[in-house]
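Architecture and fold: a report
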Amino acid sequence: MNTATKPKHIGRNISRIRELKDLKQEALAQALGVSQQAVSAIENSETVDEQKLIEIAKALDVTVEAIKNFSDEGVINYFNSFHDNIVTTGSIFATDCTFNPLDKVVELYERLVQAEKDKVEYLEKFLDKK
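Residues numbered from 1 in each chain as written. Predicted model: local features only at pLDDT ≥ 70, side-chain atom pairs only at ≥ 80, totals over all residues. Heavy atoms only, no water.

Observations concerning the side chain of Asn-13
Test applied: In DSSP terms, a helix is any run of H or I states spanning at least four residues, a strand is any run of E spanning at least two, and both are numbered starting from the N terminus. Throughout this description, a polar contact denotes any pair of N or O atoms lying within 3.5 Å of each other; where both atoms belong to protein, one of them has to be capable of donating a hydrogen while the other can accept it, and for residues adjacent in sequence the pair is counted only when both atoms sit in side chains. Note on contacts: a residue pair is in contact if any heavy atoms of the two residues lie within 4.5 Å.
Considering the arrangement of structural elements, one finds Asn-13 in helix H1 (residues 10-20). A polar atom in the side chain of Asn-13 sits 2.8 Å from the backbone oxygen of Ile-67. Ignoring any residue separated from it by four or fewer positions in sequence, one finds Asn-13 in contact with Lys-8, Ile-67, Lys-68 and Phe-70.

Right, dumping it as structure tokens:
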């Protein structure tokens, strides 16, 4: 049984990174100075020339190592750990409250009750005058 690992498909990695950056093949092609068909051919290639890889990495604003070592699992883990870190560190997205919201509700309720009491007192005084 052969346990050799299958080499990474560099073209597929380029395609996934391009998609994550919300770039179309045409935009990458323009940045590289090639046709959209050339980008498609690169993305379907298992290997890519080192010089071309450097140009692609520059156009995608990533490192060559990022392209070579890219994995969907790594992206998912990155975003999961990023989200977990936001929640646990108290970022503005999750827990940046400097007051207890329940205290604010109680305070508002007490102010409303006091306003109603003031209205009743005013109406009672108004009726007593008649």
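After that view of the structure, there is still more to cover.
Quick word on the pattern of salt bridges
Put simply, the rule is: When a carboxyl oxygen of Asp or Glu is within 4 Å of a side-chain nitrogen of Lys or Arg, the pair counts as a salt bridge.
Enumeration according to the criterion identifies 7 salt bridges in this entry. Here Arg-111 makes a salt bridge to Glu-107, at a shortest N to O gap of 3.9 Å. A residue pair is termed a helical-turn pair when its members lie 3 or 4 positions apart in one helix, as Arg-111 and Glu-107 do in helix H7 (residues 101-129) at 4 residues. For Glu-116, the salt bridge is made with Lys-119, and the minimal N-O distance between the two is 3.1 Å. Placement of both Glu-116 and Lys-119 in helix H7 is noted, with a separation of 3 residues, approximately one turn of the helix.

A few points about the confidence of the model for the protein
Condition: Predictor confidence is given residue by residue as pLDDT, running from a minimum of 0 to a maximum of 100.
Mean pLDDT over the protein: 81, with 75% of residues reaching 70 or higher. Helix H6 (residues 72-89) is the least confidently modelled element of the protein, averaging 58 in pLDDT, while helix H3 (residues 36-43) averages 93, the highest of any element.

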